[in-house]
Number of protein chains: 2
Amino acid sequence: MAITISEQISQGLADRIVSGAIRPGEKLEEQVIANEFDVSRTPVRDALRQLAATGLVEIRPHKGVTVTDIGEDRLHDMFEAMGELEALCAKLSAQRMNAVERKKIELIHRESAEYAEASDEPAYADANERFHDAIYVGAHNASLKSITEGFRRRLAPFRAKIFFQISNRILSSYSEHELILEAILAADRERAYEAMRNHIAASSLNVIDYMMAARTGSDVKEKTDRAAEALTAANN
Amino acid sequence: MAITISEQISQGLADRIVSGAIRPGEKLEEQVIANEFDVSRTPVRDALRQLAATGLVEIRPHKGVTVTDIGEDRLHDMFEAMGELEALCAKLSAQRMNAVERKKIELIHRESAEYAEASDEPAYADANERFHDAIYVGAHNASLKSITEGFRRRLAPFRAKIFFQISNRILSSYSEHELILEAILAADRERAYEAMRNHIAASSLNVIDYMMAARTGSDVKEKTDRAAEALTAANN
DNA sequence: TTTCTTTATTTAGTATACATAATTCTCTAT
DNA sequence: ATAGAGAATTATGTATACTAAATAAAGAAA
């Protein structure tokens with residue numbers, strides 16, 4: 001697949017926004033970016049348009065491009081919507097997955113068990129992605145898959161790599177997946193829906209707290225750990 | 001609000017795609033469009049990027065831009081997803097609308113009654129938009145509102161103006177709205193959800209048939225009328 | 001005649017140059 | 001000294017020119 005330069009730039013900028021290297025509200029000047037990537041302004045403009053489409057940046061005519069500043073309540077909204085979309089996928093998957101698809105997601109889940117036990121964060125994060133992907137596919141609705149994936153991409157900035165480093169988050173994630181998988185294999189639509197909704201809600205607690213901590217520049221690890229404790233307490 | 005040229009072009013092209021002047025699969029050449037709008041290729045490229053973001057066109061590197069060709073099964077997917085999103089909005093509206101919002105949607109619905117009786121298609125279509133908008137707002141989730149509106153825009157090409165000209169479609173639409181409204185005012189989440197899902201499903205039947213007819217160039221009015229009859233039969 | 005290769009043409013991708021709008025800075029007047 | 005108006009600067013929007021890639025066409029070989 002012949003990757004165009006503007007796409008590379010778009011990708012590069014997205015990574016830097018995701019990693020927090022570029023902060024919300026910050027202005028992105030075309031010429032500066034062009035210099036850094038050693039290209040002209042033209043592909044940079046293309047890239048910024050693409051980012052604007054994903055909502056990562058905002059363009060105002062003659063006023064330039066700024067990284068979208070998403071407040072806490074807006075983030076709540078996003079996770080609620082994300083939760084509903086994923087839960088819908090889970091519901092449809094419970095109803096529509098064929099035997100092969102059911103076997104596949106089961107294998108992914110079993111595989112992730114090893115990573116969870118070994119506390120292998122990168123491997124678990126990868127398996128996690130595949131688990132959710134399998135559910136998008138299993139819903140057998142290309143449009144739904146597309147918008148849910150889009151939302152996931154949009155939320156990626158706030159689901160940074162540190163996420164699974166939070167105390168116990170891997171283990172609780174794994175047990176939540178277990179419930180989702182059981183419901184899907186049992187073709188229990190409503191249980192799958194509820195299990196997924198709960199899973200995303202649990203995630204969002206951590207993520208929102210992490211994100212707000214990063215925003216204010218306070219100690220991320222400390223805050224997320226406290227959030228994890230609160231979550232564990234709430235689950236008991 | 002200072003509207004930029006690329007936005008005007010984007011708007012103009014969108015209108016033409018929506019109206020069917022430009023057909024699915026058709027290729028959009030930058031220079032041709034630039035000539036028609038009497039501008040250079042630069043703002044045209046901007047415009048095409050924006051359209052690609054909404055899914056109306058597809059861009060493949062070095063292969064140009066084509067109007068997204070949506071097949072019948074893909075259209076089914078889209079309407080199913082749309083139905084779920086709108087139904088979710090209705091569910092949340094039943095739960096979260098405040099007194100003012102409930103009063104407002106009730107008034108919109110009462111107003112639309114007049115248009116339905118008078119068979120005033122344009123007025124009913126407008127009131128219909130406002131009815132659905134009220135439900136998006138009432139869900140109190142900006143993200144959900146945003147993606148649902150986006151989907152509605154994306155489906156606009158297939159919800160052409162002829163829609164409400166279909167025999168009895170206005171009347172059945174009105175009675176479906178009645179059920180949705182009742183459920184919302186009664187704060188009955190599940191009933192609101194089901195009523196909206198049914199409403200969108202009913203719409204989609206007509207639209208999909210209309211769209212496929214337009215695609216093949218056969219007599220649209222005839223086909224949609226037959227679809228309406230089938231729908232009426234199914235409802236009894 | 002048909003097929004493969006090479007060349008030519010067309011069109012998208014990128015760079016540079018110019019125009020216009022917005023911001024900032026300075027100078028003047030109160 | 002401060003506030004406002006105007007000029008200068010900066011950055012975005014647009015146009016033109018150039019490069020590279022993909023497709024079409026033409027010619028040569030089987």
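Structure shown above.
Residues numbered from 1 in each chain as written. Chains lettered and ligands numbered in written order. Predicted model: local features only at pLDDT ≥ 70, side-chain atom pairs only at ≥ 80, totals over all residues. Heavy atoms only, no water.

**Remarks on the overall build of chain A**
Stage number 1. Secondary structure assignment for chain A yields 10 helices and 3 strands.
Stage number 2. Mapped from its N terminus to its C terminus, chain A presents α and β elements in the order α-β-α-α-β-β-α-α-α-α-α-α-α.
Stage number 3. Out of the 236 residues belonging to chain A, those deemed buried represent 48%.
Stage number 4. When contacts within chain A are restricted to residue pairs at least 6 apart in sequence, those whose partners lie at least 24 apart make up 71%.
Stage number 5. Taken as a whole, chain A presents about 11400 Å² of accessible surface, with 52% of it coming from carbon and sulfur. (Helix = DSSP H or I, 4+ residues; strand = E, 2+ residues; numbered from the N terminus. Buried < 20%, exposed > 50% of the residue type's maximum accessible area, 1.4 Å probe, protein only. Contact = heavy atoms within 4.5 Å. Areas by Shrake-Rupley, 256 points an atom, 1.4 Å probe, with all protein chains shown as cover.)

**Focus: the interface of chain A and chain B**
Stage number 1. Each side of the interface is counted separately: chain A has 26 residues, and chain B has 26 residues.
Stage number 2. Buried surface at the junction of chain A and chain B, summed over both partners, amounts to about 2200 Å²; 50% is from carbon and sulfur atoms.
Stage number 3. The interface formed by chain A and chain B includes 6 salt bridges.
Stage number 4. With a closest N to O distance of 3.3 Å, arginine 45 of chain A and aspartate 46 of chain B form a salt bridge.
Stage number 5. On the surface where chain A and chain B come into contact, there are 14 residue pairs in polar contact (both at pLDDT 80 or more).
Stage number 6. Within the residue set of the side of chain A that touches chain B, elements represented by two or more residues are helix H3 (41-54), helix H4 (72-96) and helix H7 (142-155) of chain A.
Stage number 7. Sort the elements by how many residues they give to the side of chain A that touches chain B and H4 of chain A lands first, with 11 residues. (Buried area = accessible area lost by both parts, 1.4 Å probe. Salt bridge = Lys/Arg side-chain N within 4 Å of Asp/Glu carboxyl O. Polar contact = N/O pair within 3.5 Å; in protein donor to acceptor, adjacent residues only side chain to side chain.)

**Some words on the relation of the copies chain A and chain B**
Stage number 1. Turning chain A through 180° and shifting it by 0.2 Å along the axis lays it on chain B, with an RMSD of 0.3 Å. Overall, the copies show the geometry of a two-fold rotation axis. The C-alpha atom lying nearest the rotation axis in chain A is that of alanine 53 of chain A; the distance is 2.8 Å.
Stage number 2. Comparing interface residues between copies, 100% of those in chain A also sit at the interface in chain B, which points to an isologous, same-surface contact. (Least-squares fit on C-alpha atoms with pLDDT ≥ 70 in both.)

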